[in-house]
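Observations on chain architecture
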Amino acid sequence: MFKIGEFSKLTQVSVRMLRYYEKAGLLKPAEIDRCTGYRYYDSRQIPLLNKIVYLRDSGFTVAEIAAAFNHWQEDVILQKLADKRSEIKENMEAEERKLRKIQMAEEGLLEQKEPLHYQIGIKSIPSYPVLSLRKVISDYYAEGDLWMELSAFARENNVEVSSETFSIYHDLEYKESDVDVELCALVKTFGKSQGPFLFRKTESVPHMAYTMVYGEFANIAGAFLSFADWLEKNDQYQMLGTSRQIVHRGPWNEENSDQYLVEIQIPVLEN
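Right, let's walk through the structure included here. The model shown is predicted, which means the values in this text are computed figures rather than measured ones.

Let's shift gears to the pairing of strand β11 (residues 243-249). Counting buried positions over the 7 residues of β11 gives 5, a clear majority of the element. Bridge count for strand β6 (residues 161-169) against β11 is 3 bridges, and the pairing is antiparallel. Across the sheet, S167 pairs through a bridge with Q245, a residue of β11. The pairing of β11 with strand β12 (residues 261-270) spans 5 bridges and is antiparallel. Paired with V247 across the two strands is V262, which belongs to β12.

And the structure:
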């Protein structure tokens, strides 16, 4: 048996953390002296402590570690580790996006860049026969995973889809999370709809304001500001319905982000 200080030195875990794990019910001393209150640990507790430290270093909270111990099965733990990896990866990607925004802000302040102005046009959009997939996703950056899901369905069901695709954003305002998006891929013939995968005809739009955005996806925000300016100057038009986006050149067919090409479309009503 080892005193708590001895056990701390041997396991390289601080006394403070050992007391914390005891309080949390994760690792209680093997024995507590009733007279002195001294805590003693057994070498047989080291494997359990190692598991606690491993899960803690993997990003698990105390509550998550306790839940893992209550249902300790290798397949369950492996799944929890995979889930934690995905969670950490998503957090890292979110932090990377913040860093890119900081860099853009710094460049804009240092170089005093003038905002880009985009040419706005009006055209008529016909109805299209499409295979569509509509879901609420975490944010706009998660749209790529949805395209993979739609492509997999088309491939598995031998659906011939065109390279012409577009996204419809059903939210009437900008959403920081829980984005309602519908992906549409043009098809020649309709198949059988299954679950969220629907064969349908999109609505025609008599007056669609549009602009082309070159370069990184971050430029899209500036394009919407140009729409705002254009609508102020052309007050015979007002925004109507859901916006659309067509990525003509993106990560899948263009290595240089400066060469990306995105078309933004906003339906308008002519007064």
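Before going further, it helps to examine the packing of aromatic side chains. Applying the stated criterion across every chain yields a total of 10 aromatic pairs. Measuring from centroid to centroid gives 6.0 Å for Y128 and F166, while their planes differ by 55°, and the two rings are tilted. Here Y128, found in the loop between β4 (121-125) and β5 (129-137), pairs with F166, found in strand β6; they are 38 residues apart in sequence, far enough to count as distant. By relative accessible area, which is 23% here, Y128 ends up partly exposed.

Here we take up the side chain of Q45. If you trace the backbone, Q45 turns up in the loop between β3 (39-41) and α3 (46-57). The exposure class assigned to Q45 is buried, which follows from its relative accessible area of 14%. Look past the residues within four positions of Q45 in its chain and what remains in contact with it is F7, L27, K28, P29 and A30.

Turning to its location among the elements, A185 is positioned in strand β7 (residues 179-187). Residue classification places A185 among the buried positions, given a relative accessible area of 4%. Through-space distance from the C-alpha of A185 to that of V161 is 6.1 Å; in sequence the pair is 24 residues apart. Beyond its immediate stretch of four places on either side in the chain, A185 contacts P129, V130, L131, L150, V161, E164 and T165.

Side-chain pairs of opposite charge can arise where the charged atoms are in close proximity. Under the criterion given, the structure shown has 14 salt bridges. The salt bridge partner of R39 is E22, with a shortest N-O separation of 2.8 Å. Taken together, the residues R39 in strand β3 and E22 in helix α2 (residues 15-23) connect sequence positions 17 residues apart. Among the residues examined, E22 registers a relative accessible area of 13% and is labelled buried. The salt bridge partner of K123 is E263, with a shortest N-O separation of 2.6 Å. Of this pair, K123 sits in strand β4 while E263 sits in strand β12, and the two are 140 residues apart along the sequence. A relative accessible area of 28% means that K123 is categorised as partly exposed. Through salt bridges with shared partners, a single ionic network connects E64, K84 and E87.

Excluding glycine, most residues fall at negative phi; most peptide bonds, likewise, are trans. One non-glycine residue with positive phi stands out, namely Q12, at about 60°. In this fold, Q12 is placed in the loop between α1 (4-11) and α2. In this structure, N158 takes a positive phi of about 55° despite not being glycine. Tracing the chain through its elements places N158 in the loop between α6 (143-156) and β6. Classification of N158 as exposed rests on a relative accessible area of 74%.

Cut-offs applied
Residues numbered from 1 in each chain as written. Predicted model: local features only at pLDDT ≥ 70, side-chain atom pairs only at ≥ 80, totals over all residues. Heavy atoms only, no water. Buried < 20%, exposed > 50% of the residue type's maximum accessible area, 1.4 Å probe, protein only. Helix = DSSP H or I, 4+ residues; strand = E, 2+ residues; numbered from the N terminus. Pairing = 2+ DSSP bridges. Phe/Tyr/Trp six-rings, centres within 6.5 Å; stacked < 30°, edge-to-face > 60°. Contact = heavy atoms within 4.5 Å. Salt bridge = Lys/Arg side-chain N within 4 Å of Asp/Glu carboxyl O.

So far we have only geometry, and geometry alone does not tell us how the molecule works.
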